[in-house]
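Survey of secondary and tertiary structure
Spelled out from the first residue to the last, the chains are:
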Amino acid sequence: MSTYVGQPTSRVDGEAKVAGRATYACEQCDVGQPLHGYIVGASVGKGRIAHIDATRAMRSAGVRLVLTHENAPKQAMPDPSVRSQYSRAHPALYSADVHHYGEPVALVVADTLEQARAAAQFVHIEYVTDSGRFDFAANLNSAYAPAIVNAGLATDSAVGDFDPAFASAEVTIDQHYTTPYAYAQPMEPNAAMALWSGDEVTVYFGSQILSEARTAIAATLEMDPTKIHLRSPFTGGGFGSKLGIHAETTLAVLAAREVRQPVKVVLTRQQIFDVVSLRPCMTQHVRLGAAKSGRLIAIGHDAIMSANPNWEYAEQTVAGTRSLYAAPHRRTQHRLVPLDVVRGEDVRAPGDAPGLFAIESAMDELAHALDLDPIELRIKNEPMRNPETGTPYSDRRLVECLREGARRFGWTRRPAKPATRREGRWLVGYGVASASRKQFQAPSSARVRMSPDGIAVVQADMTDIGTGTYTIVAQVAADALELPIERVRVELGSTDYPAGAGAGGSFGASNTCVAVYRACRALKEKMKGDGASAEAEGAIQSMADDPNYSKYTIEAYGAHFAEVGVDTDTGEIRMRRMLGVFAPGRIMNAKTARSQLIGGMTWGISMALHEEAVIDARTGAVVNHDLASYLVPVHADIPDIEVVFLDSRDTKANELGMKGVGELGNCGANAAVANAVFNATGVRVRDLPITIEKLLPGLPRDA
Ligand code: MOS
């Protein structure tokens with residue numbers, strides 16, 4: 001019976017948010033008068049601090065402490081054998097060496113933010129500069145194969161015999177696609193506030209995964225994790241940038257211990273570009289070999305990306321291709337180019353966001369070469385089973401998404417030949433791309449208790465990063481306990497509550513909801529027994545221990561449709577409308593799920609047309625390190641976006657039949673836009689973002 005699950009229930013925390021009662025990390029008022037820490041970043045991209053002098057900064061008004069590598073407490077170095085990078089130590093100010101531009105080299109702590117920031121200018125630093133590697137294209141020949149890529153996936157894969165199959169194919173596509181450095185840049189800047197009591201520390205900070213952050217802080221300071229208390233009741237977006245901790249958290253904790261007062265460190269928007277991680281820039285090589293009928297014979301997809309050698313990170317860029325389309329001969333590869341730039345970490349839809357841009361653009365190119373409808377090409381190559389592992393799909397429905405989307409979008413009105421539809425000055429085109437995203441399951445637990453006043457209190461260390469977790473957990477619990485939703489209270493974002501995998505990788509909702517569901521079922525059983533108020537816990541195991549995750553390919557699918565107009569004179573691209581049809585299993589909340597997908601599709605437009613962080617190849621500095629020059633779309637850039645869910649339940653994924661929706665909207669949406677631009681103009685841009693400069697030279701000239 002579901003009364004609440006699936007309904008478009010408004011956010012249970014919505015009122016608190018609009019009334020300002022939802023307090024974010026550094027807004028906590030019950031911690032006395034915190035001091036403010038301001039980070040000083042290195043002004044060279046590679047080298048060593050030869051001399052650092054904080055005397056003048058220390059004499060500045062209000063300054064209590066200046067931490068540098070010379071006086072910072074000893075910290076542990078990250079242990080690469082720890083499987084998750086987010087659980088590893090994250091030391092700051094641990095050496096005189098500079099590994100990338102803007103790396104923290106000092107923290108100035110003062111009574112006010114202004115005093116700290118002003119005094120930061122007086123920290124005198126002399127560097128010995130080394131020649132760094134900052135130019136991706138110039139260093140491609142140093143690419144190497146990492147042992148493993150993100151999420152524990154294999155670096156390479158091979159089925160059949162790719163080279164001869166590709167060489168003998170009747171029609172081939174052989175192209176390179178490039179995507180730039182990109183950032184998560186959440187609305188709430190990365191920030192932390194720490195306060196010590198004896199040998200225990202409480203940290204308020206914006207976080208996606210509290211349990212890993214606790215492990216990371218414990219590893220850094222070599223302390224007992226049970227003495228670390230983390231709070232993140234509300235997180236203002238993360239998109240990967242709050243999966244782990246960064247220097248602001250480490251430094252707040254260290255400084256607060258030194259001054260024996262609470263210390264908060266809030267990154268400025270500019271500092272986020274230097275202190276928090278980025279999505280690597282990359283070049284992808286896609287080779288498709290097909291018969292004239294459109295049947296794929298060979299699929300090759302290789303990615304080469306940037307990586308700072310001190311913190312190796314390989315985005316699983318080509319992993320999505322491994323299960324997307326049938327072909328007997330296939331190979332995929334990931335390679336890393338060591339560069340002295342900001343470390344790579346997950347940014348929304350790691351892997352599939354850049355990866356599907358390449359493979360779904362290439363599929364569009366193949367359809368064009370074959371003179372075949374791009375939807376028909378995809379349907380022709382629909383696999384019956386995972387083409388690399390041979391396992392059946394738990395619940396795929398990609399073909400249904402494509403067909404239903406085509407019907408709703410009016411795909412038959414798509415110009416069959418590129419650059420043939422004119423509406424005044426505008427060239428109009430349609431594009432399509434598949435969406436796919438792997439489903440992850442990681443150990444998570446939750447607790448529910450009936451309070452004497454008849455309120456069910458649900459607790460988990462899960463975070464709500466703006467996605468609506470509080471609401472869907474309340475819906476699940478209300479249904480499972482057969483209570484009105486008003487009688488459910490959800491408490492999240494504290495390490496005092498049962499530990500889980502947190503919010504990330506589109507796994508948060510399903511892991512948490514299943515754990516909560518199981519806790520509620522257990523509580524109901526208990527209450528049947530003694531009728532008294534009781535408490536119960538529920539948990540979900542890791543995918544490695546769940547036989548379904550080895551028996552089935554468990555992924556979420558969808559299809560994106562885009563219509564663009566391109567101004568023939570200026571090359572300006574305007575999105576006209578967009579549709580996404582998705583089959584991600586059971587929808588917990590029609591409203592919040594739709595919002596997630598719209599957000600993801602908006603990001604897809606942003607990747608296609610706007611976002612690009614530029615690193616100066618001479619200095620390693622991020623040149624456009626603010627939201628004025630690192631472009632993100634504004635309202636006027638985003639058209640009417642329609643989201644449709646195909647009703648389904650993936651019973652192989654879990655007993656609620658649900659999978660993740662957070663990243664799915666950002667998987668393939670960029671390719672749908674790029675393909676629409678090609679359909680409108682006949683110009684294929686393989687280098688994101690698609691800017692006027694790249695488009696204009698190829699636009700058809702009026703006779
Ligand atoms: Mo995800 S990269 O945890 O938004």
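Okay, so let's go over this structure.

Rules behind the numbers
- Residues numbered from 1 in each chain as written.
- Predicted model: local features only at pLDDT ≥ 70, side-chain atom pairs only at ≥ 80, totals over all residues.
- Heavy atoms only, no water.
- Helix = DSSP H or I, 4+ residues; strand = E, 2+ residues; numbered from the N terminus.
- Rg over C-alpha atoms; globule rule 2.2 N^0.38 Å.
- Buried < 20%, exposed > 50% of the residue type's maximum accessible area, 1.4 Å probe, protein only.
- Contact = heavy atoms within 4.5 Å.
- Pairing = 2+ DSSP bridges.
- 1 Å grid on protein atoms, 1.4 Å probe; cavity = no way out; pocket = protein on both sides within 12 Å on 5 of 7 lines; lining within 4 Å.
- Points joined across faces, edges and corners; volume = space filled by probe spheres on them.
- Nonpolar A, V, L, I, M, F, W, Y, C, P; charged D, E, K, R; others polar.
- Phe/Tyr/Trp six-rings, centres within 6.5 Å; stacked < 30°, edge-to-face > 60°.
- Salt bridge = Lys/Arg side-chain N within 4 Å of Asp/Glu carboxyl O.

Observations concerning the overall build of the protein
Helices and strands together make up the secondary structure of the protein, namely 16 helices and 24 strands. For the protein, the C-alpha radius of gyration of 26 Å lies close to 27 Å, the compact-globule estimate for 703 residues. The principal-axis extents of the C-alpha atoms in the protein amount to approximately 75 × 70 × 50 Å. Within the protein, the proportion of its 703 residues that are buried is 63%. Put simply, 81% of the contacts in the protein that link residues at least 6 apart link residues at least 24 apart.

Some points on the pairing of strand 1 (residues 35-41)
Consecutive side chains of a regular strand alternate in pointing toward one face of the sheet and then the other. Here strand 1 lies mainly inside the structure; 6 of its 7 residues are buried. With 3 bridges joining them, strand 1 and strand 12 (residues 263-266) adopt parallel strand pairing. Across the sheet, residue Leu-35 finds its bridge partner in strand 12, namely Val-263. Pairing analysis gives 6 bridges linking strand 1 to strand 5 (residues 104-110), with the strands arranged antiparallel.

Describing the layout of surface pockets
As a volume, the second largest pocket reaches approximately 1,200 Å³. Top contributing element to the lining of the second largest pocket by residue count: helix 14 (residues 590-609), with 8 residues. Of the residues belonging to the lining of the second largest pocket, the class tally is 15 nonpolar, 14 polar and 7 charged.

Some thoughts on the packing of aromatic side chains
Applying the stated criterion to the full structure yields 13 aromatic pairs. Taking the centre distance of 5.9 Å and the plane angle of 90° together, the rings of Tyr-177 and Phe-357 count as edge-to-face. Of this pair, Tyr-177 sits in strand 8 (residues 171-179) while Phe-357 sits in helix 8 (residues 352-370), and the two are 180 residues apart along the sequence. Comparing Tyr-177 with Phe-357 shows no difference in burial state: the two are buried. With a centroid separation of 5.5 Å and an interplanar angle of 35°, the aromatic rings of Phe-234 and Tyr-470 are classed as tilted. In this pair, Phe-234 is assigned in the loop between strand 11 (228-231) and helix 6 (247-259) and Tyr-470 in helix 11 (residues 469-481), connecting sequence segments 236 residues apart.

A closer look at the pattern of salt bridges
Per the stated rule, a full pass over the model turns up 41 salt bridges. Among the salt bridges present, the one from Asp-496 reaches Arg-231, with a minimum N-O distance of 3.1 Å. Note that Asp-496 is positioned in the loop between strand 20 (488-491) and helix 12 (508-530) and Arg-231 in strand 11, a separation of 265 residues in sequence. Judged by relative accessible area, Asp-496 falls into the partly exposed class, the value being 43%. Between Arg-576 and Glu-423 there is a salt bridge, and its shortest N-O distance comes to 3.0 Å. With a gap of 153 residues between them, Arg-576 in strand 23 (residues 573-583) and Glu-423 in strand 16 (residues 422-423) connect regions that are remote in the sequence. The class of Glu-423 is partly exposed, set by a relative accessible area of 39%.

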